[in-house]
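Now for the letters of each chain:
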Amino acid sequence: MRTTVDITLKQSEKAIDALSGALPGLSRQKIKDAMAKGACWWTHKGKRLRLRRATKELKPGIRLQLYYDEKVLARTPENPVLLEDLERYTVWFKPHGLLAQGSQWGDHCSLLRLAEVRLERPCHLVHRLDADAAGLMLIAHDAKAAGALSQRFSGRTMTKHYKARVAGLVDAQDQLIDAPVEGKPALSRISTLEKNEEEQTSLIQVSIETGRKHQIRRHLAGLGHPIIGDRLYGRAAGVPLQLLAFHLEFDCPLNKRKMLFELPTEQDTLKQN
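Chemist: Lay out the pattern of salt bridges in plain terms, naming residues and giving numbers.
Modeler: In total, this model carries 20 salt bridges according to the counting rule given. Close ionic contact of arginine 50 with aspartate 107 constitutes a salt bridge, the shortest N to O distance being 3.3 Å. With arginine 50 in strand S4 (residues 47-50) and aspartate 107 in the loop between strand S8 (89-94) and helix H4 (111-119), the pair connects residues that are 57 residues apart, well separated along the chain. We note a salt bridge from arginine 217 to aspartate 132, for which the minimum N-O separation is 4.0 Å. Of this pair, arginine 217 sits in helix H6 (residues 215-222) while aspartate 132 sits in the loop between strand S9 (124-125) and strand S10 (134-140); the two residues are 85 residues apart in sequence, bridging distant segments of the chain. On the accessibility criterion, arginine 217 (2% relative accessible area) is buried.

Chemist: Summarise unusual backbone geometry; cite the residues concerned and give the values.
Modeler: The phi angle at lysine 45 is positive, at roughly 55°, despite the residue not being glycine. Examined against the element boundaries, lysine 45 turns out to sit in the loop between strand S3 (40-44) and S4. Notably, glutamate 87 is not glycine yet its phi reads approximately 70°, a positive angle. Residue classification places glutamate 87 among the exposed residues on the basis of a relative accessible area of 64%.

Chemist: Go over the layout of surface pockets with me, naming the residues and quoting the values.
Modeler: Estimates place the volume of the largest pocket at around 1000 Å³. Among the secondary structure elements, those contributing two or more residues to the lining of the largest pocket are helix H5 (143-154), strand S11 (159-167), strand S14 (201-208), H6 and strand S15 (243-251). Each residue belonging to the lining of the largest pocket can be placed in one class, and the counts come to 16 nonpolar, 13 polar and ten charged. What the second largest pocket holds in volume is close to 310 Å³. Forming the walls of the second largest pocket are 17 residues, and the residues nearest its centre are Val72, Arg75, Gly97, Leu99 and Cys109. A class-by-class count of the residues in the lining of the second largest pocket yields six nonpolar, seven polar and four charged.

Chemist: Can you lay out H4 for me, pointing to particular residues and giving the numbers?
Modeler: Residues that lie three or four places apart on an α-helix share one face, since the helix turns once every 3.6 residues. Buried residues of H4: Leu111, Leu112, Arg113, Leu114, Ala115 and Leu119, and no others. Looking at the buried positions of H4, the neighbouring elements they touch are helix H2 (28-36), strand S7 (81-85), S8, S9 and S10. Following H4 by one or two positions, glutamate 120 adopts a phi angle in the positive range, close to 55°.

Chemist: How would you summarise the sheet that holds S4 if you had to cite specific residues and measurements?
Modeler: What the four strands build is an open sheet, ordered S1-S6-S3-S4; its pairing is antiparallel. Strands with a single pairing partner mark the edges of an open sheet, and in this sheet they are strand S1 (2-8) and S4. In this sheet, adjacent strand axes meet at a mean angle of 20° when their direction is disregarded. In the sheet, S1 pairs with strand S6 (residues 63-69) via seven bridges, with the strands oriented antiparallel. Note that in S6 the partner of isoleucine 7 across the bridge is leucine 64.

Chemist: Tell me about the packing of helix H1 (residues 15-22) against H2, and name the residues and values.
Modeler: Contact geometry for H1 and H2: axes closest at 10 Å, N-to-C directions at 120°. Looking at the two axes, H1 sits oblique to H2. Crossing of H1 against H2: the hand is right-handed. Taken together, the residues of H2 that come into contact with H1 (itself represented by Ala15, Ile16, Asp17, Leu19 and Ser20) are Arg28, Ile31, Lys32 and Met35. Class assignment for the residues of the contact of H1 with H2 results in five nonpolar, one polar and three charged.

Chemist: Account for the environment of glutamine 215, naming residues and giving values.
Modeler: Relative to the helices and strands, glutamine 215 resides in helix H6. For the pair formed by glutamine 215 and alanine 186, sequence separation is 29 residues and the distance between their alpha carbons is 7.1 Å. With residues up to four places along the chain from it excluded, the contact list for glutamine 215 reads Val181, Ala186, Leu187, Ser188, Ile208 and Thr210. Side chain to side chain, glutamine 215 and serine 188 meet in a polar contact 2.8 Å long. At 2.7 Å, the side chain of glutamine 215 forms a polar contact with the side chain of threonine 210.

The rules behind these values
- Residue numbers restart at each chain and count upward from 1, following the sequence in its written direction.
- Given that this is a predicted model, residues contribute local features only at a pLDDT of at least 70 and side-chain atom pairs are listed and counted only at 80 or more, while totals for whole chains, interfaces and linings are drawn from all residues.
- Just so you know, side-chain values use all the structure's heavy atoms and leave hydrogens and water out.
- Salt bridge criterion: a side-chain nitrogen from Lys or Arg within 4 Å of a carboxyl oxygen from Asp or Glu.
- A helix here means a DSSP run of H or I that spans at least four residues, while a strand means a run of E at least two residues long, and both kinds are numbered starting from the N terminus.
- Throughout, exposure labels follow a simple rule: accessible area from a 1.4 Å probe, protein chains only, divided by the maximum for the residue type, with under 20% read as buried, over 50% as exposed, and the rest as partly exposed.
- Each cavity reported here is a set of points on a 1 Å grid over the protein atoms alone in which a 1.4 Å probe fits but cannot get out, each pocket an open set with protein on both sides within 12 Å along at least five of seven lines, and each lining residue one with an atom within 4 Å of a point.
- Grid points are joined across faces, edges and corners, and a volume is the space filled by probe spheres set on the points.
- Put simply, Ala, Val, Leu, Ile, Met, Phe, Trp, Tyr, Cys and Pro go in the nonpolar bin, Asp, Glu, Lys and Arg in the charged bin, and everything else, Gly too, in the polar bin.
- Here, two residues are considered to be in contact whenever any of their heavy atoms come within 4.5 Å of each other.
- Any two strands between which DSSP finds at least two bridges are classified as paired.
- To obtain each axis, a line is fitted to C-alpha atoms, and for helices this fit is confined to the stretch in contact; angles are then taken between N-to-C directions over 0 to 180 degrees.
- When describing relative orientation, an angle under 35 degrees is termed roughly parallel and one over 145 degrees roughly antiparallel, while 65 to 115 degrees is termed roughly perpendicular and anything else oblique.
- Crossing chirality is assigned from the near helix's rotation relative to the far helix, an anticlockwise turn below a right angle marking it left-handed and a clockwise turn marking it right-handed.
- Polar contact is the term for a pair of N or O atoms within 3.5 Å; when the atoms are in protein, one must be able to donate a hydrogen and the other to accept it, and sequence-neighboring residues count only if both atoms are side-chain atoms.

Next up, the structure:
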């Protein structure tokens, strides 16, 4: 079942009562579960926010929205791994398939929400990583830290290295790919780490100087070597997208030190043979 509800309250009542009245075919327990998983929204003081508490008393004029999708709500997320806690921000391993942040249909399968629940602290997204990809991500715990760290990404002062298992045999050493993405400049550099002649695949390191949407996936597909498991720019496979963010290095604007984070071996899903 997939449905949406958009109502404006005419009288004071609890959120669960208003939604139950608008969705008589859905049990109160299922509505509560959807709310807990971030599928309900309300407009409060001009801001659109998730509403998780079913018993919240709402005033007349409040707009209430529910985005109910049984398939989304039934998903069970793979747990991320907390690698380092630096108080104002944390470093995580995001597994394949886990969203960076939720959608209007829910956020229980997102790194941002899982970090928030586990740490019981405010969590702010600093950067993104494709849901299909895995690897290092930073989560900030106050707005100023989020802004300062985000500038490191947008200002191209963050060194980011990825590993990708691609189709075909690639011979490259610091090869520059300069190909616009959606009309915007996009620069990537690739180097071959190993080749597997039996499987006709290559493991390569990718460093990006810009951060366009799906930049690595598009650049590698444009070379004729799509990433294994890339259902958008290559072909689906029996494995997740073989793309891994394994190295972050930057001058931290918060502690004024050079920071380097590398993925531990146990989380390296693309280890060299």
